[in-house]
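Commentary on secondary and tertiary structure
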Amino acid sequence: MRVWHFSEEPYPAAWSPEAKNLRVSLPNQNIDPVQAADLYHRYLDEWLLADDLGFDIFANEHHSTPTCMTASVNLILAILARQTRKARLLGLGLPIGLRPDPLRVAEELSMIDVISRGRLEMGFIKGVPYEFSAANRSPVRVMDRFWEAHDLIVKAMGTHDGPFSWEGEHFHYRSVNIWPRPWQQPHPPVWSSVGSMHNVRNMAIRGYTMATFINGWQKSRDLFNEYRKQWTASGHAGPVPLERFAYLAMVAIGNTEAEADRRASLVRGYLETNATAYEQHKNPPGFWSPSDSARLIKTFGQPHPTMTVTTRDGQKLGPVAKASNADMVAGGLLFCGTPDQVFEQITTFADAVGGFGNLLMMGQGGRLSHEDTADSLKLFAREVLPRLQAWSAERERQAA
Amino acid sequence: MTGSTTQSTFPVGDVRIELTVQGSGAPLLFLHPEIGIASDAPIIAELAKHWTVHVPSHPGFGASELPRWMSEVDDLAYFYLDYLEAQGIDKAVVVGSSLGGWIAAEMAVRSCERVSYLVLAGAAGIKVSDREHRDFADIFTLSISEVNALSYTGAALAQQDYKALDEAALTVLHRNREATGLFAWSPYMHHPKLRRRLGRIKAPTLVLWGDDDRIVSADYGRAYSAAIPGSTFDLIEGSGHYPHIEQPAAFAARVARHAGR
């Protein structure tokens, strides 16, 4: 099992418990460039430490928000491509349906892949509802743009006798001929995050790696099972390799339960602020279907997440915002405790959802300090990572 | 007596739309705004005192189909020129509100062959202010409640509890928002070249504006009118952005006077 260290590079100084909106329209007078510089350096240091310790690296991007200062995942990965040595570099994701110029995206990704000598993993995503105003792209038909951009990027990376032209519905190029071509051929591995059943098929047909984000037991199991079904239905031979599945959870590890508990409460700042946005930014036109919008309309107005914690056996423990750390563990959203406990929780969860080869670890979130983050990474690397790798190798042997 | 009312669907080419037809006499095509229109809207009965009123839901709005190839307001302009032809209408009064006014203007700059009179009410479609000021309030960065508060002058409509609507009505509301997001997202609620093209309009044109329009100002309406040769500009008192909703009788009377009824 690969374990990917993830941080959204938050800027918590701009958070407040009363905030009704941390997305799109919070003026940038609320971010101090000097503090931001310190934070960027700090988060990069943590990724470099993760590289040294045997983790892989995962970054994402959001726009106009203090919950995530990474406004360009490719920029952060470009730095890490040069500064790290071993880690695979996952950007999950790149909202390619929001990018006006996917050819430029293909060029940037190829540079990152070459500079890193073939360590790039490309995560393409639709983007969350808050991104569309910031990107000035309509949510209507975003998936049409997504797939056309995807097709163009993949073709640009795999074509070496160009230029070729592209006159599509959304994108027009007279001369596609990217330099450099990517290190990995025909292109670096593709990932996406999936939250609903109808998107699974497109991933399974292509054999792309599918991640599910903080979805708990039942939904993760359902999504992975659907992928297996579609994988076989679309003619792939044999079982789905576990490396095609990824699960994102918050992770808080400590030498004692009390230490882990304290860290978990800090990491959870992510979830408590993530969806703090105005109704109109949670529901831009066409992001949700009209009937979903009609059904969800009461929850759009609420500033905080309404996600419910559900245990392995289906018991509802109430909304995330009010859940204890123990509830969050019971819901499969958080792995928290001593190294033994964390190992036990991860392996139990992985077995219950049918297995996955990638743990996307929110090892830094919210107000978790550098000292706590670095200490957690070291503890995890020393006490959990080797056991997880041995455990998953054994599972792979059993499956083969 | 305003004649019979029919509600049906009507095909124009490969696109089937929801359609209300009411009244008798010469035809009038009413093009609804971004919020759509109900088949029992009072404006329909008011206009039906003078005309056979055709009230379609635009492709993507209400229960009308949206073909994949449609993505711009000019698709809608050609669609309604085709509609008049498909209905065998030689001349119609064409009335449009807000987004519907934009569609009507785009029709008229292409061809006034089948347009007897044109009425643009609170019409979107042109760029008037400089690049750092938008003309039309951004309905996508405001909440629906905030948009309602800006849209109407009367408290009952301005403060309506839209979340209390039933699920079917809410679904239509969001379908209308989605279609507006398709046709008018960027450039927002206008075509950069339309203002220059308005000089091509040959039909007698009335530009109508609510006297308390806080979505798009009356000065914008005056600029619209100034760009259409021979057009007149008029205000309707006691109305925000949708005078056909807040003052349906006065709205119909202005249209009738303009069209010589």
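So, here is what we can say about the structure in this document. (Residues numbered from 1 in each chain as written. Chains lettered and ligands numbered in written order. Predicted model: local features only at pLDDT ≥ 70, side-chain atom pairs only at ≥ 80, totals over all residues. Heavy atoms only, no water.)

With that settled, consider the interface of chain B and chain A. The interface is formed by 23 residues belonging to chain B together with 25 residues belonging to chain A. Taken together, the two surfaces of chain B and chain A that pack against each other cover about 2000 Å², and 54% of this comes from carbon and sulfur. In this structure, B:R68 engages A:E169 in a salt bridge whose closest nitrogen and oxygen atoms are separated by 2.6 Å. Of the residues forming the side of chain B that touches chain A, the biggest block, nine residues, is contributed by helix 6 (residues 167-183) of chain B. (Contact = heavy atoms within 4.5 Å. Buried area = accessible area lost by both parts, 1.4 Å probe. Salt bridge = Lys/Arg side-chain N within 4 Å of Asp/Glu carboxyl O. Helix = DSSP H or I, 4+ residues; strand = E, 2+ residues; numbered from the N terminus.)

What follows deals with unusual backbone geometry. Along the chain, A:L92 connects to A:G93 via a cis peptide bond; the corresponding omega equals 5 degrees. Examined against the element boundaries, A:G93 turns out to sit in strand 3 (residues 89-94). Omega for the peptide link from A:W179 to A:P180 comes to -5 degrees, which places this bond in the cis form. Here A:R141, not a glycine, exhibits a phi torsion of approximately 65 degrees, which is positive. As for its position among the elements, A:R141 is in the loop between helix 4 (131-135) and helix 5 (142-158). Relative accessible area serves as the criterion here: at 18%, A:R141 is assigned to the buried category. One non-glycine residue with positive phi stands out, namely B:S98, at about 55 degrees. Assignment of secondary structure puts B:S98 in the loop between strand 5 (92-97) and helix 3 (99-110). (Buried < 20%, exposed > 50% of the residue type's maximum accessible area, 1.4 Å probe, protein only.)

It is worth spelling out the pairing of strand 2 (residues 56-59) of chain A at this point. All names here are of chain A. Along strand 2, one buried face is formed by D56 and F58 and the opposite face, lined by I57 and A59, is buried too. Alignment of strand 1 (residues 2-6) against strand 2, held across three bridges, turns out to be parallel. Within strand 2, the residue paired with F6 across the bridge is F58. In this region the chain leaves strand 1, passes through helix 1 (residues 33-53) and returns to the parallel neighbour strand 2; the handedness of that crossover is right-handed. With three bridges joining them, strand 2 and strand 3 adopt parallel strand pairing. Within strand 3, the residue paired with I57 across the bridge is L89. As a crossover connection, the stretch from strand 2 through helix 2 (residues 73-83) into strand 3 is right-handed. (Pairing = 2+ DSSP bridges. Right-handed = clockwise from strand over helix to strand, strands pointing away.)

Attention shifts here to the packing of helix 1 of chain A against helix 14 (residues 370-383) of chain A. Residues and elements named next belong to chain A. Viewed as axis vectors pointing N to C, helix 1 and helix 14 meet at an angle of 10 degrees, and their least axial separation amounts to 10 Å. Classified by the angle between their axes, helix 1 and helix 14 sit roughly parallel to one another. Only H370, T373, A374, L377, K378 and A381 of helix 14 make contact with helix 1, whose side of the interface consists of R42, E46, L49, A50 and L53. In terms of residue class, the contact of helix 1 with helix 14 is made up of six nonpolar, two polar and three charged. (Axes fitted to C-alpha atoms, helices over the stretch in contact; angles between N-to-C directions. Parallel < 35°, antiparallel > 145°, perpendicular 65-115°, else oblique. Nonpolar A, V, L, I, M, F, W, Y, C, P; charged D, E, K, R; others polar.)

Residues and elements named next belong to chain B. Mapped onto the elements, E246 comes out in helix 9 (residues 243-246). Look at E246: it is buried, it has no salt bridge, and the nearest opposite charge is R214 at 6.9 Å. Once residues within four sequence positions are removed from consideration, E246 is found in contact with S151, Y152, T153, G154, L157, G238, S239 and G240. (Lys, Arg positive; Asp, Glu negative; His and termini not counted.)

Another aspect to go through is a positive patch on the surface. Residues and elements named next belong to chain B. Taken together, K193, R197, R200 and K202 make up a surface patch of like positive charges. Tracing the backbone through its elements, the reader meets K202 in the loop between helix 7 (194-197) and strand 7 (205-210). In this structure K202 comes out as exposed when scored by relative accessible area, which is 67%. (Patch = residues over 30% accessible without salt bridge, like charges linked within 9 Å, V, L, I, M, F, W, Y side chains within 5 Å. Areas by Shrake-Rupley, 256 points an atom, 1.4 Å probe, with all protein chains shown as cover. Charge placed at Lys NZ, Arg CZ, Asp CG, Glu CD.)

Residues and elements named next belong to chain B. Within the open sheet, the eight strands sit side by side as 1-2-4-3-5-6-7-8. Their pairing is mixed. Two strands in the sheet have a free side with no partner beyond their single neighbour: strand 1 (5-12) and strand 8 (232-236). Neighbour-to-neighbour, the strand axes of this sheet turn through a mean angle of 25 degrees, independent of strand direction. Pairing geometry for strand 6 (residues 115-121) and strand 7, over four bridges, is parallel. Following the sheet pairing, A121 is matched in strand 7 by L208. Packing of helix 2 (residues 73-86) onto the sheet brings it into contact with strand 1, strand 2 (15-23), strand 3 (27-31), strand 4 (52-56) and strand 5, and relative to strand 1 it is tilted by some 115 degrees. Sitting on the sheet, helix 8 (residues 218-226) touches strand 6, strand 7 and strand 8, and the angle it makes with strand 8 is about 155 degrees.

All names here are of chain A. Taken as a whole and judged by the stated rule, the model has 27 aromatic pairs over all chains. Here F58 and F213 contribute two aromatic rings whose centre-to-centre distance is 6.3 Å and whose plane-to-plane angle is 45 degrees, an arrangement assigned as tilted. In this pair, F58 sits in strand 2 while F213 sits in strand 8 (residues 209-213), placing the two residues 155 residues apart along the sequence. Accessibility expressed as a relative area gives 0% for F58, which makes it buried. Classification of F213 by relative accessible area gives partly exposed; the value is 29%. Within the aromatic cluster, the residues linked to one another by ring pairs are W217, F224, Y227, W231, F245, Y247, F335, F349 and F356. (Phe/Tyr/Trp six-rings, centres within 6.5 Å; stacked < 30°, edge-to-face > 60°.)

Residues and elements named next belong to chain B. With respect to the helices and strands, S225 occurs in helix 8. Classification of S225 by relative accessible area gives buried; the value is 8%. Taking the C-alpha atoms as reference, S225 lies 9.1 Å from L120; in sequence the two are 105 residues apart. Those residues within four positions of S225 in sequence are excluded, and the remaining contacts are V207, S231, T232 and F233.

All right, on to the side chain of B:S98 then. With a relative accessible area of 0%, B:S98 lands in the buried category. The residues contacting B:S98, other than those within four sequence positions of it, are B:P33, B:E34, B:A121, B:G122, B:A123, B:A124, B:F136, B:H241 and B:Y242.

A few words now on the nonpolar core. Residues A:F356, A:L360 and A:F380 are the most contacted members of the largest nonpolar core, which totals 112 residues. When residues of this core are assigned to their parent elements, the largest contribution, nine residues, is made by strand 9 (residues 245-253) of chain A. If we ignore the near neighbours within four places in the chain, the residues touching A:F380 are A:V3, A:F55, A:V251, A:I253, A:V342, A:I346, A:L359, A:M361, A:L385, A:P386 and A:L388. Core analysis: the next-biggest nonpolar cluster, separate from the first, contains 62 residues, A:V140, B:M107, B:L194 and B:I228 among them. (Core = buried A, V, L, I, M, F, W, Y, C linked by side-chain atoms within 4.5 Å.)

What follows is about a negative patch on the surface. Residue and element names in this part refer to chain B. Together, D82, E85, D90 and E113 line one region of the surface with negative charge. By secondary structure assignment, the location of D90 is in the loop between helix 2 and strand 5. Under the relative-accessibility criterion, D90 is labelled exposed at 59%.

Here the structure, examined in full by the defined rule, presents 32 salt bridges over all chains. In this structure, the salt-bridge partner of A:R88 is A:E121, at a minimum N-O distance of 2.4 Å. With A:R88 in the loop between helix 2 and strand 3 and A:E121 in strand 4 (residues 120-124), this pair connects stretches of sequence that are 33 residues apart. Classification of A:E121 by relative accessible area gives buried; the value is 8%. B:D212 serves as the salt-bridge partner of B:R214, at 3.3 Å between the closest nitrogen and oxygen. Residue class for B:R214 comes out partly exposed when judged on its relative accessible area of 38%. Among the ionic contacts, a cluster of salt bridges with common partners joins A:E259, A:R262, A:R263, A:D372 and A:D375.

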